[in-house]
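Below, each chain spelled out in residue letters.
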Amino acid sequence: MPQDDTAIFISPDQLQIGLFIQLDLHWMDHPFPFGSFKLKSDEQINTLKKLGLKQIRYIPEKSDAPPRPQNTPEQLAPEHIAPDLIAPTPADPAIEAELAAKRQRQAEQEQRKTQLAECAKAFSLAAGVVRKLNKDIHSNPREGIAAAEQLIGGMLDSLLSDNDIAIHLMNEKSMGDDLYFHSLNTTVLALLLAREMKYDRAAIEMLGMAALMHDIGKVEVPDRILLKTEPLNRAEKSLLEQHCHWGIEAGKRAKLPPEVLVIMAQHHEYCDGTGYPKQHKLEQIHPLARILVIANTYDNYCNKINPGDSLTPHEGLAMMFSQQKAKFDPAPMNILIRSLGVYPPGTLVQLSNEHYGLVVAVNSSRPLKPQVLVHDPSIARDDAMVLDLERHPDLNISKALKASQLPRPVLTYLNPRKRMTYYFSPSEPLA
Amino acid sequence: MMHPNLLSDYCATAILAVNPYDETIVAANPTCETLLGYRREQLIGMKISEIEVGLQDVFFWEDVRNSGAQEVSQVEGEYRHRNGHFIYVSKTIRLLEQNEQTLCIISVHDISASKRLEEESARTSTLLAATLESTADGILVTDLDGNIINYNHRLSQIWPWKIEGDQTFRQQLTEFKRRLDDKERFEQWINALFHDPYISEQKTFHLHESRVFEINSRPLQYRDTPIGRLFCIHDISALKASETALREARDLAQQANQAKSDFLAHMSHELRTPLNAILGFAQIIEADENNDQHVLGSYIHKAGQHLLDLINEVLDLASIEAGKLALRLESVDVNACIRDCIELMQVLAAENQIALHAIEPASPCFIWADARRLKQMILNLISNAIKYNRPQGSVTLALERIPNGSWRINVQDTGVGISESDQERLFTAFNRVGTAQTHVEGTGIGLAFTRKLAHLMQGTVGMSSQLNVGSCFWIELPAAIAPDIRPSIVPITQNENTRTILYIEDDLLSQKLMQNILAKQRPNYHFFAATNGQEGITLAQQIAPDLILLDQQLPDATGAIIFEQLQSHERTRHTPCIALSGNTLPEQINDALRQGFSAYLSKPIQISQALLTIDQVISQGREAKAE
């Protein structure tokens, strides 16, 4: 990390717990997650010794303990170290295994990038269909609905045929299309949840159509209310709530099936009866509508009109999970968390060693231990390391952060998405 | 030895011990009571999931269930108070092995307040970021060592910026310095800035490809202490480029203007010199009553005079446009001026069968104008009024005092009138309106020139017209008080004695003309001629003439240089000189008179005027010598 601290070289014999050391090796040439860290276990010291280094740099300011006295008390000054003296000779099988795992994760990250590019194409096509659907719903409802059915059919083909689905964060370019992205986002999340809950294809198709159409009534709401960033007053709020009603009217004209209309009508109903328009309770809400409510609420939290007001994916989930628990059906809620993780992909986090990172992949069996792309200025951004927290019991995520809480250079390095827009692609399983 | 329990009893951090196997609380320190609202006895035996309700907390315990107990550091989570509200906490869990059993020791502290602050600062920094991004300047913030703390997107657009890897300002400068014209000055400046954290300065740096940056650096201060540096980089390349373009355009325009002046002076001389001969000889032929051809001479004279007028008009307009026309403003008697003009135009009026007269006011009135130019303007209007009149029509001049104190000279005709659309184009040079009247000669310059002259005299020119009734053109000029009575001109003593005149002139026709005039009109003057300056000076030394006529553009030197040489010789030092030139620009005339020429005659010369001047100068020269 910082190069400017006074550094002193010691021999491996002098290592002991509490020393803060810095390795002058490429990240791929040593088995540790970081190139500089405080020694915490004898195991680490043993691994270090096995690396075959003659000298190790240590930083007194950050260390809790002094180095052990050397057998030969003479200390070498840095300029006396020839580069070939610190060339590593790892031969230990445990070290080799860890290095292989590191390489594996880098390869996976590359694979993710490739998948993302392909996924972006599918996403942009889908976004086009949704945009057209919103524009034409009044002039040409039949054709719009036919296009929507085709879109959902195509999504379901890939969703239901493949066992493994990768959820990707999209980097959408066009702004001002937030409404369309919201519809698409909600649809993608709702379809994923329904798939995990093992609904049959016909049911999922109905849910998909309702999700795509759920905010169609907002076409009637003036932009000054839709785009308002301050809290709405009572009159504005009741006008906004009319969009459920207007949506049903539009759906009827487009001759949507009655069950789809029921699901659409209930997309703001909460299980504790605090929703609208009918203040239904859990049992009165259609089971598929309960999924739609969760997907809709989550996306609304994460993608506000003013990005500064948006919650992070983690904040959104945490808020729905703990403080608003009573509002949501626990079964789909739990599945949402399983699918997205406690720290969903795209979440900016701070690790317990104070490094910043960006969650790139989740492991549904260990939701607290995702894979994190870590900010380390000594590694070029294109080769940024991905840590699998499951392999590092001593590291944990301390907290999730908003983009604005990060220093600018770190933000540039991690390059998070401005909006959380998801899409999926059928994928080879990621280890 | 202190009892170990005392430590946790008096610790301000809430400490809970949880059995990871059944997830119940087995111990709690007193601080837990304040944090959670439960008494310690109530807490013991409670499921930890009743207290820890945050998303990550719930999944932590699930993880413990699946993968065994583990330690975590500084994790944020949510706790539920007994009264139901949520508390944001930060917790650390350590594992304790006791009696072959593992216990999770949780240290918790309330971070609700700092969470709120965090939220607030997140909002502030969002606002700050939006502000930073909305400026057109590149902004960079570093700490005192030059490590980059913040920058806006604009910076990476205007600066050769490498985002990856190098994170200090100095490292980022390598590429920038490569493009700088003056690397050393920049380097010294940066060194000075990071040497003295209080410096606040702005400097401009030129880069290759004519890019220019204005860089402003100020200390970044916290509580009056500098903690870093702020750089504001303003790309002024476009500004500088347009500045340079403007300067070049200005220089070009000045050059063009100079060329125009030179051309004017040159043309003036070149056009008038041949006319000098034509007009001069025509006058001589005309004056010779005994010659049958004298009528033809008068035709040549008239046509030549017309050509001269045209040339004068063109050159006058051109000199106004080149800003070269100088006026001599004085108090002018308008009535006298109008009278002169009417007299001059009576012939033309009679030829066209037009009645021309003026209504004279009772008292004399004076205006502020250049008398010669005023006459020119009035003549122009009268000439138009005659030319564009109907047969047996009339032209009436009248004076009128208008409310702003100026005098208005009205020239009313009885022509066909001018349509409104034509009126708009009337005062534009070379625009002759009324296609039906192409038979009338003229350049279309007159009105444009008149209007420009009036403007130069702080006046205006205008018109009103009624179709088929007639038009009235008018000139308004500011009123003036009556001038002082001028001293009367010294009477010329006609000299009968023999006098010697030397004429230095390269144009042989001009020489011949002068010789001819003098032979006929002043037989007592002896005439000598020289065709260039050197010859003239030599000749002057030999004959010591009473008067030298000196052309201003000789093949070997200008008149000014020859005059200077004449002045330096003993014999010619006091010989009066008259300058002759086709150049009629006032500055040229003034220069010559200031230099010491006794008079200035413009070509083509008017014979009577020329003789008068010559007589005058010779008699004055005699007086000067006599004194």
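Residues numbered from 1 in each chain as written. Chains lettered and ligands numbered in written order. Predicted model: local features only at pLDDT ≥ 70, side-chain atom pairs only at ≥ 80, totals over all residues. Heavy atoms only, no water.

Chemist: Just checking my understanding: could you explain the overall build of chain B for this structure?
Modeler: If you tally the helices and strands in chain B, you get 19 helices and 22 strands. For chain B, the residues scored as buried account for 43% of the 627 residues in total. In chain B, once contacts between residues fewer than 6 apart in sequence are set aside, the share between residues at least 24 apart is 59%. Counting only carbon and sulfur atoms, one obtains 53% of the accessible surface of chain B, whose full area is about 33,200 Å². (Helix = DSSP H or I, 4+ residues; strand = E, 2+ residues; numbered from the N terminus. Buried < 20%, exposed > 50% of the residue type's maximum accessible area, 1.4 Å probe, protein only. Contact = heavy atoms within 4.5 Å. Areas by Shrake-Rupley, 256 points an atom, 1.4 Å probe, with all protein chains shown as cover.)

Chemist: What is the right way to read the overall build of chain A from this model?
Modeler: Scanning chain A from N- to C-terminus turns up 13 helices and eleven strands. For chain A, the share of sequence-separated contacts (at least 6 apart) that also reach a separation of at least 24 residues comes to 70%. With the model as given, the accessible surface of chain A reaches about 19,100 Å², and the carbon-plus-sulfur share is 53%.

Chemist: I'm lost on the environment of Gly-446 of chain B in this one. Help?
Modeler: All names here are of chain B. Looking at the element boundaries, Gly-446 is found in helix H14 (residues 446-456). What makes Gly-446 buried here is its relative accessible area of 14%. Gly-446 sits 133 residues away from Glu-313 along the chain, and the two C-alpha atoms are 7.5 Å apart. Those residues in contact with Gly-446 that sit more than four places away from it in its chain are Glu-313 and Asn-380.

Chemist: Sorry if this is basic, but what is going on with the pairing of strand E18 (residues 499-504) of chain B here?
Modeler: Within a regular beta strand, the side chains point alternately toward one face of the sheet and then the other, so they alternate between its two faces. Residue and element names in this part refer to chain B. In terms of burial, E18 is a largely internal element, six of the six residues being buried. Neither face of E18 is left uncovered, since the one carrying Arg-499, Ile-501 and Tyr-503 and the one carrying Thr-500, Leu-502 and Ile-504 both have all their residues buried. When E18 meets strand E19 (residues 525-530), the two strands line up parallel, connected through six bridges. Residue Thr-500 lies in a different strand from E19, and its bridge partner there is His-526. Taking the sense of rotation as the criterion, the β-α-β connection linking E18, helix H15 (residues 508-521) and E19 turns out right-handed. In this sheet, strand E20 (residues 547-551) lies alongside E18 in parallel orientation, the contact comprising four bridges. Opposite Tyr-503, over in E20, you have Leu-549 as the bridge partner. (Pairing = 2+ DSSP bridges. Right-handed = clockwise from strand over helix to strand, strands pointing away.)

Chemist: Could you clarify how one ought to interpret unusual backbone geometry in this entry?
Modeler: With the exception of glycine, most residues fall at negative phi, and the peptide bonds are largely trans. With omega at 5°, the peptide bond leading from Tyr-276 of chain A into Pro-277 of chain A counts as cis. Omega for the peptide link from Lys-603 of chain B to Pro-604 of chain B comes to -5°, which places this bond in the cis form. In this fold, Pro-604 of chain B is placed in the loop between strand E22 (599-602) and helix H19 (607-626). Positive phi, close to 75°, is recorded for Glu-354 of chain A, a residue that is not glycine.

Chemist: Please clarify how the interface of chain A and chain B should be interpreted in this entry.
Modeler: Many structure descriptions define interface size as the accessible area lost when the parts assemble. Between chain A and chain B, the residue contacts involve 34 residues of the former and 37 residues of the latter. Across the chain A-chain B interface, the total number found is four salt bridges. For Glu-118 of chain B, the salt bridge goes to Lys-399 of chain A, with nearest N and O atoms at 2.9 Å. Scanning the region where chain A abuts chain B turns up 15 residue pairs in polar contact (both at pLDDT 80 or more). Sorting the residues of the side of chain A that touches chain B by element identifies helix H11 (313-323), helix H12 (330-340), strand E10 (397-401) and helix H13 (408-414) of chain A as the ones contributing at least two each. At seven residues, the largest contribution of residues to the side of chain A that touches chain B is made by H11 of chain A. Split into classes, the residues belonging to the side of chain A that touches chain B amount to 13 nonpolar, eleven polar and ten charged. (Salt bridge = Lys/Arg side-chain N within 4 Å of Asp/Glu carboxyl O. Polar contact = N/O pair within 3.5 Å; in protein donor to acceptor, adjacent residues only side chain to side chain. Nonpolar A, V, L, I, M, F, W, Y, C, P; charged D, E, K, R; others polar.)

Chemist: What exactly am I supposed to notice about the packing of H11 of chain A against H12 of chain A here?
Modeler: Pairs of packed helices are described in terms of their axes, by the angle between the two and the distance that separates them. All names here are of chain A. Relative orientation of the contacting elements H11 and H12 amounts to 150°, with a least axis distance of 11 Å. With respect to each other, H11 and H12 are oriented roughly antiparallel. Where H11 crosses over H12, the two elements pack in a sense that is left-handed. Contact with H11, carried on its side by Leu-317, Met-320 and Phe-321, involves Met-333, Leu-336, Ile-337 and Leu-340 of H12 and no other residues of that element. A class-by-class count of the residues in the contact of H11 with H12 yields seven nonpolar, no polar and no charged. (Axes fitted to C-alpha atoms, helices over the stretch in contact; angles between N-to-C directions. Parallel < 35°, antiparallel > 145°, perpendicular 65-115°, else oblique. Left-handed = near helix turned anticlockwise from the far one by under 90°.)

Chemist: How should the state of the cysteines be read in this particular structure?
Modeler: Joining two cysteines, a disulfide is a covalent bond between their sulfur atoms. One pass over the full model with this rule turns up zero disulfides over all chains. In this structure Cys-341 of chain B is not part of a disulfide, and its nearest cysteine sulfur, from Cys-337 of chain B, lies 4.6 Å away. (Disulfide = S-S within 2.5 Å.)

Chemist: For this particular structure, what's the right way to read the sheet that holds strand E6 (residues 348-351) of chain A?
Modeler: In a beta sheet, neighbouring strands are held together by backbone hydrogen bonds and run either parallel or antiparallel to one another. Residue and element names in this part refer to chain A. On the basis of which strands lie adjacent, the open sheet formed by five strands has the order E9-E8-E7-E6-E10 and antiparallel pairing. Where the open sheet ends on each side, the last strands, each with one partner, are strand E9 (386-388) and E10. Within the sheet, the average angular offset between the axes of one strand and its neighbour, ignoring direction, is 40°. Bridge count between E6 and E10: four bridges; the pairing is antiparallel. Bridge assignment links Leu-348 to a residue of E10, and that residue is Leu-401. Those strands touched by helix H2 (residues 93-136) are strand E7 (356-361), strand E8 (371-374) and E9, and its axis lies near 115° from that of E9.

Chemist: What am I meant to see in a nonpolar patch on the surface here?
Modeler: Residues and elements named next belong to chain B. Residues Met-2, Leu-6, Leu-7 and Tyr-10 make up a contiguous nonpolar surface patch of roughly 480 Å² in combined accessible area. Counting through the fold element by element, Leu-6 comes out in helix H1 (residues 4-9). Of the residues examined, Leu-6 reaches a relative accessible area of 36% and is grouped as partly exposed. (Patch = residues over 30% accessible without salt bridge, like charges linked within 9 Å, V, L, I, M, F, W, Y side chains within 5 Å.)

Chemist: Explanation requested: the packing of aromatic side chains in the structure shown.
Modeler: Between two aromatic rings, the relevant description is the distance of the centres plus the angle of the planes. Tallied over the full model, the rule gives nine aromatic pairs over all chains. Ring geometry for Phe-32 of chain A versus Phe-37 of chain A: centroids 4.7 Å apart, planes at 40°, classification tilted. The class for Phe-32 of chain A is buried, based on a relative accessible area of 7%. Their ring planes at 50° and their centres at 6.2 Å tell us that Phe-321 of chain A and Phe-59 of chain B sit as a pair that is tilted. (Phe/Tyr/Trp six-rings, centres within 6.5 Å; stacked < 30°, edge-to-face > 60°.)

Chemist: Mind showing me how you'd approach the pattern of salt bridges here?
Modeler: When their charged atoms lie close together, side chains carrying opposite charge are able to pair. Going through the model one piece at a time under the given rule, you end up with 36 salt bridges over all chains. Across the pair Lys-302 of chain B and Glu-351 of chain B runs a salt bridge whose closest N-O atoms are separated by 3.9 Å. Within this pair, whereas Lys-302 of chain B is found in helix H10 (residues 294-321), its partner Glu-351 of chain B is found in helix H11 (residues 334-351), the two being separated by 49 residues in sequence. In terms of burial, Lys-302 of chain B and Glu-351 of chain B fall into one category: exposed. Among the charged side chains, a network of salt bridges with common partners joins Lys-399 of chain A together with Glu-76, Lys-115 and Glu-118 of chain B.

Chemist: Could you clarify how one ought to interpret the sheet that holds strand E3 (residues 36-38) of chain A in this entry?
Modeler: Residue and element names in this part refer to chain A. On the basis of which strands lie adjacent, the open sheet formed by four strands has the order E1-E4-E2-E3 and antiparallel pairing. Each of the sheet's edge strands pairs with one partner strand only, and the pair in question is strand E1 (8-10) and E3. Neighbour to neighbour, the strand axes of the sheet diverge by 35° on average, direction disregarded.

Chemist: Quick question: what am I supposed to make of the pairing of E22 of chain B here?
Modeler: All names here are of chain B. Bridge count between strand E21 (residues 577-581) and E22: four bridges; the pairing is parallel. Across the sheet, the residue bridging to Ile-578 is Ala-599, located in E22. Taken together, E21, helix H18 (residues 586-595) and E22 constitute a β-α-β crossover, and its handedness is right-handed.

Chemist: Would you mind going over the environment of Cys-32 of chain B with me for this structure?
Modeler: Residues and elements named next belong to chain B. Within the secondary structure layout, Cys-32 lies in helix H2 (residues 31-36). Classification of Cys-32 by relative accessible area gives buried; the value is 0%. Expressed as a C-alpha distance, the spacing of Cys-32 and Val-108, which sit 76 residues apart in the sequence, is 8.7 Å. Ignoring anything within four residues of it in the chain, the contact list for Cys-32 reads Ala-14, Ile-15, Leu-16, Gly-37 and Leu-43.

Chemist: Explanation requested: the packing of helix H10 (residues 287-302) of chain A against H12 of chain A in the structure shown.
Modeler: Residues and elements named next belong to chain A. Where H10 meets H12, the closest approach of the two axes is 9 Å, and the angle between their N-to-C directions is 50°. The angle between the axes of H10 and H12 places the two elements in the oblique class. Handedness of the crossing formed by H10 with H12: right-handed. Contact residues: H10 offers Ile-291, Ile-294 and Tyr-298, while H12 offers Pro-332, Met-333, Leu-336 and Leu-340.

Chemist: Sorry, what's going on with the confidence of the model for chain B here?
Modeler: The predicted coordinates should not be examined in detail at positions where pLDDT is low. All names here are of chain B. Summarising the model, chain B shows a mean pLDDT of 84, and 92% of its residues fall at 70 or more. Per-residue pLDDT stays below 50 along residues 486-493; that stretch engages in seven contacts with residues further than four places along the chain or on separate chains. Per the prediction output, this complex has pTM 0.59; the corresponding ipTM is 0.77. (pLDDT = per-residue confidence, 0-100.)

Chemist: Can you walk me through helix H5 (residues 201-213) of chain A in this structure?
Modeler: Residue and element names in this part refer to chain A. Between its terminal C-alpha atoms H5 stretches 18 Å, which fits the 18 Å expected from 13 residues at 1.5 Å a residue. Extensive coverage of H5 is indicated by the burial of ten of its 13 residues. Along H5, the residues classified as buried are Ala-203, Ile-204, Met-206, Leu-207, Gly-208, Met-209, Ala-210, Ala-211, Leu-212 and Met-213. (Expected span 1.5 Å × (residues − 1).)

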